[in-house]
Amino acid sequence: MKRLLIFLGVLCIILRPVSAHTHNHTNKGVLDFTFENNTGKTLYAFFVTETKDEDWGDDLLPEDLVEHEDEVDVTFDDDDDGDCHWDVKVSLDENDTKFWYVRGIDLCEVAKLTFFMEGGVCKFVTE
């Protein structure tokens, strides 16, 4: 029994740093993540909106463009309703006539969002 308690204590000490670095938004209203562009294209704008909304709002890019293989820290506040499901749209031209978007990403659980091309189709992965 004593060995079991020692083992569990050591296990808790080992796992504590791992769990401290997992990404989970605990501050209601703040949904920040890193966006990585691996599409091979230059992106001109980046938008997010709650899945239940229709308006894309303002461009969230701190710079004018996101080149291929660039990473951008995206910072925005939601409307404090605690909704985690968001749609993301990126523009492929200055006039926002060509774009890619994904729906229903759980940004409460995402630290990094990466867009990439596969077979001529834009896809995404989250971390």
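The structure we're discussing is the one just above.
Now for a description of the structure that goes with this document. (Residues numbered from 1 in each chain as written. Predicted model: local features only at pLDDT ≥ 70, side-chain atom pairs only at ≥ 80, totals over all residues. Heavy atoms only, no water.)

1. Quick word on the overall build of the chain
Link 1 in the chain: Counting its regular elements, the chain contains one helix and seven strands.
Link 2 in the chain: Ordered by position in the sequence, the α and β elements of the chain form the string α-β-β-β-β-β-β-β.
Link 3 in the chain: Burial status across the chain gives 33% buried among its 127 residues.
Link 4 in the chain: Long-range pairs, those at least 24 residues apart, make up 58% of the contacts in the chain between residues at least 6 apart in sequence.
Link 5 in the chain: With the model as given, the accessible surface of the chain reaches about 8,300 Å², and the carbon-plus-sulfur share is 52%. (Helix = DSSP H or I, 4+ residues; strand = E, 2+ residues; numbered from the N terminus. Buried < 20%, exposed > 50% of the residue type's maximum accessible area, 1.4 Å probe, protein only. Contact = heavy atoms within 4.5 Å. Areas by Shrake-Rupley, 256 points an atom, 1.4 Å probe, with all protein chains shown as cover.)

2. As for the state of the cysteines
Link 1 in the chain: What the rule picks out here adds up to one disulfide.
Link 2 in the chain: Paired by a disulfide, C84 and C108 hold their sulfur atoms 1.9 Å apart. Disulfide C84 to C108: torsion about the S-S bond roughly -85°, handedness left-handed. One end of the pair, C84, is in the loop between β3 (71–74) and β4 (85–91); the other, C108, is in the loop between β5 (99–106) and β6 (112–118), and 24 residues separate them in sequence. With respect to burial, C84 and C108 carry one shared label: buried. (Disulfide = S-S within 2.5 Å.)

3. Considerations on the sheet that holds strand β1 (residues 33–38)
Link 1 in the chain: Pairing is mixed across the open sheet formed by four strands, whose spatial order is β3-β1-β6-β7. Edge positions in the sheet fall to β3 and β7 (121–126), since each of these pairs with one other strand and no more. Adjacent strand axes in the sheet meet at a mean angle of 25° when their direction is disregarded.
Link 2 in the chain: With six bridges connecting them, β6 and β7 associate as antiparallel partners. Residue pairing in the sheet places T114 in a bridge with V125 of β7. (Pairing = 2+ DSSP bridges. Axes fitted to C-alpha atoms, helices over the stretch in contact; angles between N-to-C directions.)

4. Some details on a negative patch on the surface
Link 1 in the chain: Negative charge collects at one region of the surface, where D53, E54, D55, D58, D59, E63, D64 and E94 lie side by side.
Link 2 in the chain: Relative to the helices and strands, D55 is located in the loop between β2 (45–50) and β3.
Link 3 in the chain: With a relative accessible area of 60%, D55 lands in the exposed category. (Patch = residues over 30% accessible without salt bridge, like charges linked within 9 Å, V, L, I, M, F, W, Y side chains within 5 Å. Salt bridge = Lys/Arg side-chain N within 4 Å of Asp/Glu carboxyl O. Lys, Arg positive; Asp, Glu negative; His and termini not counted. Charge placed at Lys NZ, Arg CZ, Asp CG, Glu CD.)

5. Focus: the pattern of salt bridges
Link 1 in the chain: This structure, assessed with the given rule, holds five salt bridges.
Link 2 in the chain: Taking the shortest distance from any N to any O, the salt bridge between E36 and K112 comes out at 2.9 Å. Here the residue E36 occupies a position in strand β1, and K112 occupies one in strand β6, the gap between them amounting to 76 residues.
Link 3 in the chain: The class of E36 is buried, set by a relative accessible area of 15%.
Link 4 in the chain: When its relative accessible area of 17% is taken as the criterion, K112 is described as buried.
Link 5 in the chain: Where K123 meets E118, a salt bridge forms, and the shortest distance between an N and an O atom there is 2.9 Å.
Link 6 in the chain: Residue K123 is classed as partly exposed on the basis of its relative accessible area of 33%.
Link 7 in the chain: With relative accessibility at 43%, the residue E118 sits in the partly exposed group.
Link 8 in the chain: Here the salt bridges share partners, and the residues they tie into one network are E36, E71 and K112.

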